[in-house]
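Below are the chains, spelled out letter by letter.
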Amino acid sequence: MAKETIFSKIIRKEIPSEIVYQDETVTAFRDINAQAPTHILIIPNKIIPTVNEVTPEDEVVLGKLFTVAAKLAKEENIDKDGYRLIINCNGHAGQEVFHLHMHLLGGRALGPMLSR
Ligand code: DGP
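Residues numbered from 1 in each chain as written. Predicted model: local features only at pLDDT ≥ 70, side-chain atom pairs only at ≥ 80, totals over all residues. Heavy atoms only, no water.

The next subject is the site of the ligand. In the vicinity of the ligand lie 15 residues, with Arg-30, Asp-31, Glu-96, His-101 and His-103 positioned nearest. The separation between an oxygen atom of the ligand and a polar side-chain atom of Asn-88 is 2.9 Å. Protein contacts shield 85% of the accessible area of the ligand, which totals 520 Å² for the unbound molecule. Put simply, the parts of the chain that give the shell around the ligand at least two residues each are α1 (6-11) and β2 (26-30). (Near = heavy atom within 4 Å. Polar contact = N/O pair within 3.5 Å; in protein donor to acceptor, adjacent residues only side chain to side chain. Areas by Shrake-Rupley, 256 points an atom, 1.4 Å probe, with all protein chains shown as cover. Helix = DSSP H or I, 4+ residues; strand = E, 2+ residues; numbered from the N terminus.)

Right, dumping it as structure tokens:
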């Protein structure tokens, strides 16, 4: 059984966060350390620690991360100007929370994709 992180507490509303979307399989909430005017984390309610643990049975819920991202981008009014979706995996990518999450970033020009 995968280990819980702070994100499980957010899903269960045991700690405060600004949840902007939730259903039976996906939760989205504003990042506590926003890197852009819009910075939302979109996560499966099921604990998947990293992309390395993704299995074929996760394909539906992970596809839903994209439909929720598109809906939220529209609601945040960043869909036309553009935005970036990021999923970090393990140390070289800087993953800090081991509950797979998609960052939705926008609201300003985000610059080059990678720092050098
Ligand atoms: P990553 O580096 O990809 O694992 O990103 C983890 C993100 O999670 C980071 O941008 C900060 C955010 N985060 C960590 N703890 C909390 C929390 O308790 N609440 C909220 N809203 N965001 C958090």
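Picking up where we left off.
With that out of the way, let us pick up the sheet that holds strand β3 (residues 38-44). Across a sheet, paired strands are connected by hydrogen bonds in the backbone, their directions being either parallel or antiparallel. The 5 strands are arranged β1-β2-β3-β5-β4 in an open sheet whose pairing can be described as antiparallel. Of all the strands in the sheet, just β1 (19-22) and β4 (83-86) have a single pairing partner and so form its edges. Neighbour-to-neighbour, the strand axes of this sheet turn through a mean angle of 15°, independent of strand direction. Bridge count for β2 against β3 is 5 bridges, and the pairing is antiparallel. Across the sheet, residue Val-26 finds its bridge partner in β3, namely Pro-44. (Pairing = 2+ DSSP bridges. Axes fitted to C-alpha atoms, helices over the stretch in contact; angles between N-to-C directions.)

This part takes up the packing of aromatic side chains. Tallied over the entire structure, the rule returns 1 aromatic pair. Ring geometry for Phe-7 and Phe-29: centres 5.2 Å apart, planes at 75°, overall edge-to-face. Taken together, the residues Phe-7 in helix α1 and Phe-29 in strand β2 connect sequence positions 22 residues apart. Judged on exposure class, the residue Phe-7 and its partner Phe-29 are both buried. (Phe/Tyr/Trp six-rings, centres within 6.5 Å; stacked < 30°, edge-to-face > 60°. Buried < 20%, exposed > 50% of the residue type's maximum accessible area, 1.4 Å probe, protein only.)

Within an α-helix, residues lying three or four positions from one another point in the same direction, as the helix has 3.6 residues per turn. The first and last C-alpha atoms of helix α2 (residues 59-75) sit 25 Å apart over 17 residues, in line with the 24 Å expected at 1.5 Å per residue. Those residues of α2 that fall on the buried side of the exposure criterion are Val-61, Leu-62, Leu-65, Val-68, Ala-69, Leu-72 and Ala-73. Relative to the axis of α2, the buried residues are bounded by an arc of 135° and lie together on one face. Facing away from the buried side of α2 by over 90 degrees, the exposed positions are Glu-59, Val-60, Phe-66, Thr-67 and Lys-74. With its phi angle positive at about 65°, Asn-77 sits one or two positions after the end of α2. (Expected span 1.5 Å × (residues − 1). Arc of directions from axis to C-beta.)

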